[in-house]
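Chain and residue survey
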Amino acid sequence: MTSTAPETPATASTAPGRPASSAALIPRPRALKVLGGTFVIGPHVGVRGPEPAAGLAREVLGLTGSGGGIELRLTDDANLGDEGYRLLVRPDSVEATAATTVGLGWAVQSLRQLHLDGVIPCVEIEDRPRLAWRGSLLDVARHWFSMSFLYRYVDLLAMHKLNVLHLHLTDDQGWRVQIQRYPLLTEIGGHRTGSATAHAEDSPLDAVPHEGCYTQDELRALVAYGERRGVQIMPEIDTPGHVQAALAAYPHLGNDPGCTLSVRRHWGISRHVLNVSEESVRFVCDVLDEISDVFPFGFVHIGGDEVPPDEWAASAIAAERIVAEGLSGPEMLAGWWAGRLTTHLRGLGRRAAIWDETLDFGLSGDPLVFAWQGAHRVGQALAAGAEVVAAPYEFTYLDWREATTPHEPPAIAGDLPLSVVQGYEPPAGVLGLQGQLWSEYLGTPQAVEWRAFPRLTAIAENGWSDNPAEPDDFRARLSVHLGRLDRMGVNYRPPDTGTDRGDARPEEGTDG
Ligand code: ACM
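Owing to the predicted nature of the structure, the values given are computational and were not obtained by experimental measurement.

1. A word on helix H7 (residues 278-294)
Look at H7: 25 Å from first C-alpha to last across 17 residues, which is about the 24 Å you get at 1.5 Å a residue. When we look at burial in H7, the residues that qualify are Ser280, Val281, Phe283, Val284, Cys285, Asp286, Val287, Leu288, Glu290, Ile291, Ser292 and Val294. For H7, the elements touching its buried residues are strand E10 (174-175), helix H4 (184-187), helix H5 (216-228), strand E13 (232-239), strand E14 (299-303) and helix H10 (333-347).

Pasting the structure below:
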């Protein structure tokens, strides 16, 4: 399972008979003026400017020339912020300016969208994002995906100016990241002998083994690939619940060490959680030490969602801990866990990110709160004084089906049409917006792309664009943008149910 960055990114290729180039960008820039005329990327056109933006331009625009033509420049214009850029395309030159190489990278992604068959329409753009965090969660725990697909996915995020990949690495149904100090996490926790075919606790199992994990070196290479594209990778180690795969490997971390667990095959939530011993805290801290070494991003997500307190209610160690900490009951031990891990991460120079259950157990240590349990939780988290990423399920859970059509593949819930995602306006004051792709029913890259696109383009737009577009304006740009996705071979779900390829299923098959 070794993999390196692909030499050719998922970039637009040329094909005869394509529609004319268009200035219809997603996300919509703050200001865009079509000037008339075109810039042609001839064989001698090259790029000058700082790395990694210049290299990125060569890559995604397929530049072969060593001359000039495209100029990328850093400026000290404070109006552009950390990610803004200006772009001026004229018949004889392309100039992009930004205060950072990240901003220059977004200018390059705009050129990538504008360019068709080597022709770029002349435009003047001034652009910057409204939200600092524009994220996409991918659950690689319920299903493992190949490194080559992760590269492709990061590249697709970058193309839409999404800047964080939230990698959900561990859960009841699989542990996917190598931890040197605890090799059984992947040796045992990275395999399951089958998967449920539906969501109910008593659903039939398919008896198809599923396995996979990522070495630390593979993930470091992915981090470097993302960094070059302005996409940071936030790892999630889900604790103190959603840990059955870890408990299958190291039963002494559970509340009943005599109980032998296997990696969970059913979906839903395991009732087995970490015990509250110092040894278990040490274990998670050791894991976080290695994770922080692999992922340089400032945030590490520690989970904190859906923690059944039943085992703690029956545990003598938990009873002692509750008394010692002056807690009101076993469920509050989830907050105690969050506090311990938040403090440990602070010692590593990182900030904890955590699901919004933490609002009910005490907001200790200033974590970044991911409000998922409905849009009202976004408001509650803000009111509690937290920094917040809006991830409410009824607007951003892209694993939900878009609509119910006769041949729609199974999904955990629905319906969540594109129009609803597009219509979500996160409240003022949030740090960001994020789309979620839980993968219980996403077994292949094709299935991921089917659910992600085009709804993730609406998340990108609402995260970036200052005045969210009217639905008709968004749809008009999307119709052009779908051509770009077609040329990249993205298995998107046609936005209008039952038309075009609307009844097509994501292809079955093995992960790329
Ligand atoms: C979650 O959906 N359990 C965060």
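2. A short note on the pairing of strand E16 (residues 368-371)
Taking every second residue as pointing to the same face, both faces of E16 are buried, with Leu368 and Phe370 on one and Val369 and Ala371 on the other. Pairing geometry for strand E15 (residues 351-355) and E16, over 3 bridges, is parallel. Bridge pairing in E16 links alanine 353 to leucine 368. Judged from the 4 bridges that link them, E16 and strand E17 (residues 387-390) form a sheet pairing that is parallel. Pairing of leucine 368 across the sheet is with glutamate 387, part of E17. What joins E16 to E17 is helix H11 (residues 375-383), and the crossover it makes is right-handed.

3. Quick word on the pairing of strand E6 (residues 119-127)
Sheet topology places strand E1 (residues 31-40) next to E6; 7 bridges connect them, and they run antiparallel. Note on E6: the bridge partner recorded for phenylalanine 39 is isoleucine 120. Here strand E4 (residues 85-90) pairs with E6 via 4 bridges, running antiparallel. Paired with arginine 86 across the bridge in E6 is glutamate 126.

4. Examining the nonpolar core
Counting residues in each nonpolar core, the largest one holds 151 residues, and the members touching the most others are Trp133, Leu138, Tyr153 and Leu185. Element by element, the count of residues in this core is highest for helix H3 (residues 147-159), at 10 residues. Discounting residues that sit within four places of it in the chain, tryptophan 133 has contacts with Asn163, Val164, Met234, Phe297, Phe299, Leu368, Phe370, Val389, Leu431, Gly432, Leu433 and Gln434.

5. As for the packing of H5 against H7
Describing two packed helices takes the angle between their axes plus the distance from one axis to the other. Running from amino to carboxyl end, H5 crosses H7 at an angle of 40°, the nearest separation of the two axes being 9 Å. Here H7 runs oblique to H5, going by the angle between their axes. Where H5 abuts H7, its residues Gln216, Leu219, Arg220 and Val223 lie against Glu290, Asp293 and Val294. Its residues assigned to classes, the contact of H5 with H7 comprises 3 nonpolar, 1 polar and 3 charged.

6. Comments concerning the packing of aromatic side chains
Within a pair of aromatic rings, the relevant descriptors are the distance that separates the centres and the angle that separates the planes. Applying the stated rule across the entire model yields 22 aromatic pairs. Between the aromatic rings of tryptophan 372 and tyrosine 397, the centroid separation amounts to 6.1 Å while the plane-to-plane angle is 10°, which identifies the pairing as stacked. Highlighted residues: tryptophan 372 in the loop between E16 and H11 and tyrosine 397 in the loop between helix H12 (393-396) and helix H13 (418-423), separated in sequence by 25 residues. Among the residues examined, tryptophan 372 registers a relative accessible area of 12% and is labelled buried. Judged by relative accessible area, which is 7%, tyrosine 397 ranks as buried. Geometrically, the ring pair formed by tyrosine 393 and tryptophan 400 is tilted, given 5.7 Å between the ring centres and 35° between the ring planes. Cluster of aromatic residues (ring-pair linked, three or more members): Trp133, Phe297, Phe299, Trp355, Phe370, Trp372, Tyr393, Tyr397, Trp400 and Trp438.

7. Remarks on the confidence of the model for the chain
Where the model shows low pLDDT, its predicted coordinates should not be examined in detail. Looking at the chain as a whole, the pLDDT averages 92, with 93% of positions reaching at least 70. For the stretch residues 1-20, pLDDT sits under 50, and the model shows 36 contacts to residues farther than four places along the chain or on other chains.

8. Some thoughts on the sheet that holds E16
Within a sheet, neighbouring strands are paired by backbone hydrogen bonds and run either parallel or antiparallel to one another. Sheet architecture is closed into a barrel: 8 strands sit in the order E7-E8-E13-E14-E15-E16-E17-E18, paired in parallel fashion. Averaged over all pairs of adjacent strands, the angle between strand axes in this sheet comes to 30°, irrespective of strand direction. With respect to the sheet, H10 is in contact with E13, E14 and E15, its orientation differing from that of E14 by roughly 165°.

9. With respect to the sheet that holds E6
Pairing in this open sheet of 6 strands is mixed, and the strands run E1-E6-E4-E5-E3-E2 from one edge to the other. Two strands close off the open sheet at either side, each with one partner strand: E1 and strand E2 (46-48). Across the sheet, the axes of successive neighbouring strands diverge by a mean angle of 20°, strand direction being ignored. Across 3 bridges, the pairing between E2 and strand E3 (residues 69-74) is parallel. Across the sheet, residue arginine 48 finds its bridge partner in E3, namely glutamate 71.

Reading guide: rules and limits
Residues numbered from 1 in each chain as written. Predicted model: local features only at pLDDT ≥ 70, side-chain atom pairs only at ≥ 80, totals over all residues. Heavy atoms only, no water. Helix = DSSP H or I, 4+ residues; strand = E, 2+ residues; numbered from the N terminus. Expected span 1.5 Å × (residues − 1). Buried < 20%, exposed > 50% of the residue type's maximum accessible area, 1.4 Å probe, protein only. Contact = heavy atoms within 4.5 Å. Pairing = 2+ DSSP bridges. Right-handed = clockwise from strand over helix to strand, strands pointing away. Core = buried A, V, L, I, M, F, W, Y, C linked by side-chain atoms within 4.5 Å. Axes fitted to C-alpha atoms, helices over the stretch in contact; angles between N-to-C directions. Parallel < 35°, antiparallel > 145°, perpendicular 65-115°, else oblique. Nonpolar A, V, L, I, M, F, W, Y, C, P; charged D, E, K, R; others polar. Phe/Tyr/Trp six-rings, centres within 6.5 Å; stacked < 30°, edge-to-face > 60°. pLDDT = per-residue confidence, 0-100.

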